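Below, each chain spelled out in residue letters.
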Amino acid sequence: MANKLTINVETCVGCGVCVNACPVDHLELVDAKAVEKNDDTCVSCGVCVNACPVDAIALNG
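To start, this report covers the structure provided alongside it. (Residues numbered from 1 in each chain as written. Predicted model: local features only at pLDDT ≥ 70, side-chain atom pairs only at ≥ 80, totals over all residues. Heavy atoms only, no water.)

## Here we look at the pattern of salt bridges
- Going through the model one piece at a time under the given rule, you end up with 2 salt bridges.
- Between Lys4 and Glu36 there is a salt bridge, with its nearest N and O atoms 3.5 Å apart. Of this pair, Lys4 sits in strand S1 (residues 4-7) while Glu36 sits in strand S3 (residues 33-36), placing them 32 residues apart in sequence.
- Judged by relative accessible area, which is 46%, Lys4 ranks as partly exposed.
- Using a relative accessible area of 25% as the deciding quantity, one classes Glu36 as partly exposed.
- Residue Asp25 pairs with Lys37 through a salt bridge whose shortest N-O separation is 2.9 Å. Of this pair, Asp25 sits in the loop between helix H1 (17-21) and strand S2 (27-30) while Lys37 sits in the loop between S3 and helix H2 (47-51); the two residues are 12 residues apart in sequence, bridging distant segments of the chain. (Salt bridge = Lys/Arg side-chain N within 4 Å of Asp/Glu carboxyl O. Helix = DSSP H or I, 4+ residues; strand = E, 2+ residues; numbered from the N terminus. Buried < 20%, exposed > 50% of the residue type's maximum accessible area, 1.4 Å probe, protein only.)

Put into structure tokens, the structure is as follows:
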């Protein structure tokens, strides 16, 4: 079972680093916050987690 991506919108500063880092184009900025586009595209690689400068993204599983 794949890990579940969690984005803390309270912590997210809307910098877009995770959006640019995601190799499968799973994230986008909406109202200056990172959000998931589609649950089916995330491959749980953790690139966005490592890219986030404010630790607003986590993989739970």
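## Quick word on empty space enclosed by the protein
- Considering all chains together, one arrives at 2 cavities of 30 Å³ or more under this definition.
- There is about 80 Å³ of room inside the largest cavity.
- If you trace the largest cavity, you find 15 residues lining it, with Cys12, Cys15, Cys18, Ala34 and Cys52 closest to the centre.
- Its residues assigned to classes, the lining of the largest cavity comprises 13 nonpolar, 2 polar and no charged.
- There is about 60 Å³ of room inside the second largest cavity.
- In terms of lining residues, the second largest cavity is bounded by Leu5, Cys22, Val24, His26, Leu27, Cys42, Val43, Ser44, Cys45, Gly46 and Cys48.
- The residue makeup of the lining of the second largest cavity, split by class, is 8 nonpolar, 3 polar and no charged. (1 Å grid on protein atoms, 1.4 Å probe; cavity = no way out; pocket = protein on both sides within 12 Å on 5 of 7 lines; lining within 4 Å. Points joined across faces, edges and corners; volume = space filled by probe spheres on them. Nonpolar A, V, L, I, M, F, W, Y, C, P; charged D, E, K, R; others polar.)

## As for the pairing of S2
- Of the pairings in the sheet, the one linking S2 to S3 comprises 4 bridges and is antiparallel in character. Residue pairing in the sheet places Leu29 in a bridge with Ala34 of S3. (Pairing = 2+ DSSP bridges.)

Note that all results are geometric; they support no functional claim without further evidence.
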